[in-house]
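Here is what each chain is made of, one letter per residue.
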Amino acid sequence: MRRPSSAWEGLSSSFWFIPSLMTAGAVLLFVVTLQLEGLIPSNVSGLPIVFSGGADAARNVLSVISGSLITVVATVFSLTIVALQLASANYSPRLLRNFTSDRGVQVVLGAYIGTFTYALLVLRVIRTPKGTTGAFVPIISITTAVVLALICVALLVYFIHHIASLIQSSTIVRRVRWDTLKSLANLEDLERSPVEPEDWEDHPGVRKLLRGEPLVVRAKDSGYVQYVYADAVVGAVGGASETSAIEIPFGPGNFVAAGLPLLKIWPAPEGGLDPDSEDAARDAIVFGEERSFGQDFAFGLRQLSDIALKGVSPGVNDPTTAMQAMDQMEAIFVALGEKAMPPRLWEEDRDDGSRVLLKVGRYGFEDAVGLAFDQLRRASFTSGQVAVLERLLEVLGRALGANDLPGRQRALWERAFAVGRLAPSQVPDPRDAARLACRAVAVGAPLLKTELQATVSPELQELADLTAGLPDGGRVREAVEAAREAAVAY
């Protein structure tokens, strides 16, 4: 990803950028319409849509427009702040960025502020007859101001509808899914992604390099890593020897405190890095005050998990919202089944004949699954939300079916197995516990036909043993036996 993407993302998500552009456009429109005044035929004022009053009438019209617009702007801001408060309290503070970056809100505010500015500029050029000085009433400019005011009236109706839709839970979780899927689109397709070792100590030649002490470049500021430009890092510090290794311990989405290692370089260059190379290496790792979707699709899982946790909390008790958030998690993990995880290891042969190995501390699929489901599973057991646990098992089952890699299937199955294993001891109703265990068996049953059979089969048997004394516990045992028979037949 190119560096301008991070700057553009910051601008596009800011609350002031679009309104500032529209206000500047209003100033430009004033200049254009003022220049057109001398080119308009005198008989144009007879048209019904064109303003035809005198200087005093023009001032009254523009005063009403500017005064009413600034009042409505205050109302629009108030509604926006209320929406931000509701989203922060009921869903997650991390969703505030979604509201401030909403194009509809930005355009409405920009239209009102721009029209207000335009009306003021036109108001100041109106002249009444005085002595030898004739009157000047900019007919085209005033007519344009009236048209803009009518557009603002229509935008007010749109804004009320838009802000009401924006704070609905279904809209919020859907927007998070859209942002996450856009981030996933930047990943390599799974079938085209090269197979690389997860641990670079297993890479040929790396273990020998790591024996020495590295050169450590430390972070000067604290913040969240938003972007890592691997090529820029390699260009700044790579190639000090025939073969060198570079580690970036903190990948996108991680928080780095000032003073912690930002880069580790093996072997350490003699005399260290020159100041320009060190600054270039730091600039290749972009920090921000919060996480960003650019290279961090797990940020969306964090937001959806927060919404679901709020839903199952005793203070909110809104399991439907929690399940809506899980619906979007399901869509994300299904889409992830076709994508490779962000690579942790790069190997680059440079033009000067040197070889550079770069490792970035990115999250893996296991981390993404844990981020999405672990806290939610624990909170659902604590609050007794059996319906949420049932939906959680459905999501895990469908995500498992969309991800064919054994490591991914194992990570998803471990969460389903945890639900089934804890259900007999954590769920008060024994029938609910047996039903959860039975659903967990249904999630793991397809794995008996894969290379994971050796580890999954004993765990399915454990679920059957744990529920043996419960009402309907026999259904769990029957489900396990049916899964084994299907696997043998397969």
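Residues numbered from 1 in each chain as written. Predicted model: local features only at pLDDT ≥ 70, side-chain atom pairs only at ≥ 80, totals over all residues. Heavy atoms only, no water.

Student: Give a detailed account of a nonpolar patch on the surface, specifying residues and quantitative values.
Tutor: The grouping of Leu28, Val32, Leu36 and Leu39 at the surface amounts to a nonpolar patch, some 380 Å² of accessible area in total. Inspection of the secondary structure puts Leu28 in helix α2 (residues 17-36). Residue classification places Leu28 among the exposed residues on the basis of a relative accessible area of 56%. (Patch = residues over 30% accessible without salt bridge, like charges linked within 9 Å, V, L, I, M, F, W, Y side chains within 5 Å. Areas by Shrake-Rupley, 256 points an atom, 1.4 Å probe, with all protein chains shown as cover. Salt bridge = Lys/Arg side-chain N within 4 Å of Asp/Glu carboxyl O. Helix = DSSP H or I, 4+ residues; strand = E, 2+ residues; numbered from the N terminus. Buried < 20%, exposed > 50% of the residue type's maximum accessible area, 1.4 Å probe, protein only.)

Student: Residues and numbers for the side chain of Ser169, please.
Tutor: Structurally, Ser169 can be placed in helix α7 (residues 169-184). Beyond its immediate stretch of four places on either side in the chain, Ser169 contacts Tyr91, Thr321 and Gln324. (Contact = heavy atoms within 4.5 Å.)

Student: Run through the sheet that holds strand β6 (residues 285-288), naming residues and quoting values.
Tutor: With antiparallel pairing, 3 strands are arranged side by side in an open sheet as β4-β2-β6. Each end of this open sheet is capped by a strand with a single partner; those strands are β4 (255-256) and β6. In this sheet, β4 lies alongside strand β2 (residues 223-228) in antiparallel orientation, the contact comprising 2 bridges. When the sheet's bridge partners are listed, Gly223 is paired in β4 with Val256. (Pairing = 2+ DSSP bridges.)

Student: Quick rundown of empty space enclosed by the protein? Include the residues and the values.
Tutor: A water-sized probe rolled over the atoms picks out the places where empty space is left. Within this structure, the stated rule accounts for 2 cavities of 30 Å³ or more. Taken as a whole, the second largest cavity spans an internal volume of roughly 30 Å³. Every residue along the wall of the second largest cavity is listed here: Phe381, Gly384, Val386, Leu389, Gln426, Val427 and Pro428. When grouped by side-chain class, the residues that make up the lining of the second largest cavity number 5 nonpolar, 2 polar and no charged. (1 Å grid on protein atoms, 1.4 Å probe; cavity = no way out; pocket = protein on both sides within 12 Å on 5 of 7 lines; lining within 4 Å. Points joined across faces, edges and corners; volume = space filled by probe spheres on them. Nonpolar A, V, L, I, M, F, W, Y, C, P; charged D, E, K, R; others polar.)

Student: Before we move on, can you summarise the pairing of strand β5 (residues 261-266) with the specific residues and values?
Tutor: Most of β5 sits inside the fold, with 5 of its 6 residues counted as buried. Note that strand β1 (residues 215-218) and β5 share 4 bridges and pair antiparallel. For Val216, the partnering residue across the bridge sits in β5 and is Lys264. With 3 bridges joining them, strand β3 (residues 243-248) and β5 adopt antiparallel strand pairing. Its bridge partner being in β5, Glu247 is matched across the sheet by Lys264.

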